[in-house]
Each structure stands twice: as C-alpha cells, then as structure tokens.
Amino acid sequence: MAHADDVHFIGFVAAQYGSEIHAPAGPVVDRAYLRAAAQAHEHGGFDRVLIAFHSTAPDSFALAQYVASVTERIGLMIAHRPGFQAPTVAARQLATLDQLTDGRVGVHIITGGNDAELAQDGDALTKDERYARTGEYLDIVKASWTSPAPFDYAGRHYRVAQGYSAVKPVQQPHLPVYFGGSSDAAIAVAGRHADTYALWGETQAQVRETIARVRAAARSHGREDRIRFSLSFRPILAETEEAAWARADAILQRTRALRATRGLGTAAAPQNEGSRRLLAAAAQGERLDRRLYTAIAAETGAQGNSTALVGTPEQVAETLHEYRELGVTTFLIRGFDPLEDAVQYGRALIPAFRRLAGAPARRPAAA
C-alpha cells in the first residue's frame, strides 16, 4: 500500500467550459477559461492536470503548452493517441516540452476503443492491431528518450533506421507514461510499458481484480513492483450526506434534460471494455460500496469517466483511502461543474484526504 503522502491528485482542464450538465460555452479554444481552470488546479494543490484527446478536439500538445505558460508548478498529463505521427517525432516533442517546463510533463497513452472515432482520423485497424501498434510505438518512444546512440527498430507497424533524439527528457530515465485500456490486448501492453495504469471509477471488487490482472501482465517483464495505479471519479460533494445525494440526483436529472435537448436518445452499447465494466457495475445498482454512484454512467452509456463518489468531503476522502488500501496511488478527479468543483476539491476534498492520513497538504502555487 502506498504512503498517503505518495498519493497524487490529477485534475482536468479543457479548452472550453462544458460537461454532461453544461452545454459547451464560449469559443472552442477559450484561453480565459483554460487559464482560470489551470490556475485553480495549481492553487488547489493538485499534482497534475489531464489535457484530453479526441479526434475532433483541439490539439492536446498545443493546449498543454499554453497551460504550462500560465502556471508555475503543476504537472501536465497530456493525452496522446499513437498511430497518427511518427513515434520518433512524438518523443522529441514531449522531451522538448519537458525541457521547457523543467520536468513537468507526463503522457497519457490512449489507443482508442471506438471505431467510429478512430475513423474520423482515418484509422481502420482493429482494436488488437491498434494495441500491437501502440506497443511498438512505445518501444520507439522510450528508445528515443533513453538511447545514448542511434538505434534500429524493426516491427510490424514501424521500422526505424538509426533513430536518435538529441533532446532527452529532464525526468530520468524518461517522463512518466500513463496508460488506459481494459481489454486483454491493452493490459498486455500496459504490463510492458505503463508507469501508471489508469482505470475509470469501478467498484472496489472490480479494482482489486484489475490491479491483479495488470500486475500479472507486468510480472512477465519484471515490472510487477514498479507499476502504479490511477482511478478516475467525479466526486459530488456537499456539507451533509443528504445534501450530497440530493445534488447527485439533481445532476442526473440535468444530464437527462441536456441529452434530451441535444436529441440524444438511449446511448449505444460501447465498444471499449472500460465502459462495459462501468455499465456492468451500474447493472448491480445505482449506489454501490456506500458512495459509488453509477446512475450517470448508465444514462450516458459510460462514455468516459462517469461514475461519482457522493458525500461530504470527509466521507469521500475516507472512500479514497479505501481504494488506496487496494493499491491505488493516483486519483483523477473532475466535477460536473468543472471550474467550481475543481476549486471545491482543492479547498475541501484534497485537504480532507491529507488530514485523514496525517500527511501535509501540498503547498499551493505562488500567487
């Protein structure tokens, strides 16, 4: 079990304000909002912020550069999809940004589980083929970051002759690699390459099972004790437990209303295994393990991180500690009111977690 002071909190910043209960507002790239969200997370004591990737969204690398320019301390977790640029180029981009930010960059590898979204970028590979490509991609990226001399690589998807990067990451041996994906093909690659394996907010029984699967995959590469685990939730907080559950129900109703306004009917069955696992949990009931709320995941077809922990800051912090006892070392938390909830997490939830563990709160960024 990780020490509490070794547990990291990751937030989420987007290019514009929006969520399941808020229609996107403002320009597609809203610099004022992006700056406010990044600085709120930094001041609130988060360790990193996730900058997401989607086939129709603003570029995650460019957004990360802007976030770095308006903050001083907070780390970056840049979502990146392999297969759409040369791995040697991506390695140099990430290493350069790590140099420019004095070691604040991490990369979140998302191979993609939705064929329709992948097709928007011209990718027609099967899921298993995509993960095989991702494995080769990371082989080359890591070689670019670490090799002191030119290297050759011959795989099914990539061939490199005398590849070399003059720029190396500040972080050694390389910048941290986060990895998502719950299929067997994904976990096989995670066992070989992930520094931190990322799950969505599953039940404690599901998390225990997944951690065991990933550690087994890592064992064959001698990495069982080196891999960390991240869990993603949408905390819904209030001053009392009753008020928190009332707020959760209100968020569900607003989610339904916005989906109806946008003409969204019953969500289609998801292709990716992570969403299927969330829906399997939702099939067990709306409230599981005391605080896990699955109704919004069920309503949206579990399209992304969509399960919540509901209660007072202290109650949700206690639940996070229960997951920590299972081996979780990172929590990625974001709210349905994105900016307002980030402020609340920094003021109440993260300090409550640190108090329970007797660990010092993270020092906020300089004003």
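Bear in mind the structure is a predicted one, so any value in this text is a computation, not a measurement.

Undergrad: What should I look at first to understand the pairing of strand 6 (residues 105–110) in this one?
TA: Both faces of the sheet carry side chains from a regular strand, because those side chains alternate between them. Most of strand 6 is tucked away, with six of its six residues classed as buried. A two-sided burial pattern is seen for strand 6, the buried positions comprising Val 105, Val 107 and Ile 109 on one face and Gly 106, His 108 and Ile 110 on the other. Chirality of the crossover, the property in question, places the unit of strand 5 (residues 75–80), helix 3 (residues 87–100) and strand 6 among those that are right-handed. Bridge count for strand 6 against strand 9 (residues 177–180) is four bridges, and the pairing is parallel. From the neighbouring strand, Ile 109 faces strand 9, where its bridge partner is Phe 179.

Undergrad: Would you mind showing me how to read the environment of Arg 354 here?
TA: You can see Arg 354 is positioned in helix 12 (residues 338–357). A C-alpha to C-alpha distance of 8.6 Å links Arg 354 and Ala 317, two positions 37 residues apart in sequence. There is a polar contact of 2.9 Å between the side chain of Arg 354 and the backbone oxygen of Val 7.

Undergrad: Would you mind going over the confidence of the model for the chain with me for this structure?
TA: Low pLDDT marks regions whose predicted coordinates should not be analysed in detail. With 96% of its residues at a pLDDT of at least 70, the chain reaches an overall mean of 94. Long-range and interchain partners of residues 363–367, a stretch whose pLDDT sits below 50, account for seven contacts in this model, where long-range means more than four residues apart.

Undergrad: Whenever I open this one, the sheet that holds strand 12 (residues 236–237) confuses me. Can you help?
TA: Paired through their backbone hydrogen bonds, the strands of a sheet run either parallel or antiparallel. With mixed pairing, the four strands of this open sheet are ordered in space as 12-15-14-13. The open sheet has two edge strands with one neighbour each: strand 12 and strand 13 (287–288). Where strand 13 meets strand 14 (residues 292–293), two bridges bridge the pair, whose relative direction is antiparallel. If you follow Leu 288 over to strand 14, its bridge partner there is Leu 292.

Undergrad: Teacher, can you tell me more about the nonpolar core here?
TA: In a soluble, globular protein the nonpolar side chains are often hidden away together inside. By size, the foremost hydrophobic cluster in this structure holds 76 residues, and its most contacted members are Phe 9, Leu 76, Trp 145, Phe 179, Leu 320, Tyr 323 and Phe 331. With near-sequence residues (within four places) excluded, Trp 145 lies in contact with Ala 91, Leu 94, Ala 95, Val 107, Lys 168, Pro 169, Pro 173, His 174, Leu 175 and Val 177. Trp 245, Ile 251, Leu 252 and Ile 296 belong to the second largest nonpolar core, which has 14 residues in total.

Definitions and limits used
Within each chain, residues carry numbers counting from 1 in the order of the written sequence. It should be noted that, the model being predicted, local features are given only for residues of pLDDT at least 70 and side-chain atom pairs only at 80 or more, the latter also being counted only at that level, while totals for whole chains, interfaces and linings use all residues. As a convention, hydrogens and water are excluded, and side-chain values are obtained from all of the structure's heavy atoms. Relative accessibility decides the category of a residue: with a 1.4 Å probe and only protein chains considered, values under 20% of the type maximum give buried, values over 50% give exposed, and everything between is partly exposed. Helix and strand definitions follow DSSP, with helices as H or I runs of at least four residues and strands as E runs of at least two, each counted in order from the N terminus. We call a crossover right-handed when, viewed with the strands running away from us, the connection from the first strand over the helix to the second turns clockwise. Here the rule is simple: two strands pair whenever DSSP picks up at least two bridges between them. For this analysis, a polar contact is any N or O atom pair within 3.5 Å, provided that within protein one partner can donate a hydrogen and the other can accept it, and provided that sequence-adjacent residues contribute only side-chain to side-chain pairs. Per-residue confidence from the predictor is given as pLDDT, running between 0 and 100. Here a residue-residue contact requires only that any non-hydrogen atoms of the pair lie within 4.5 Å. Only buried Ala, Val, Leu, Ile, Met, Phe, Trp, Tyr and Cys residues count toward a nonpolar core, and they belong to the same one when joined by side-chain atoms within 4.5 Å.

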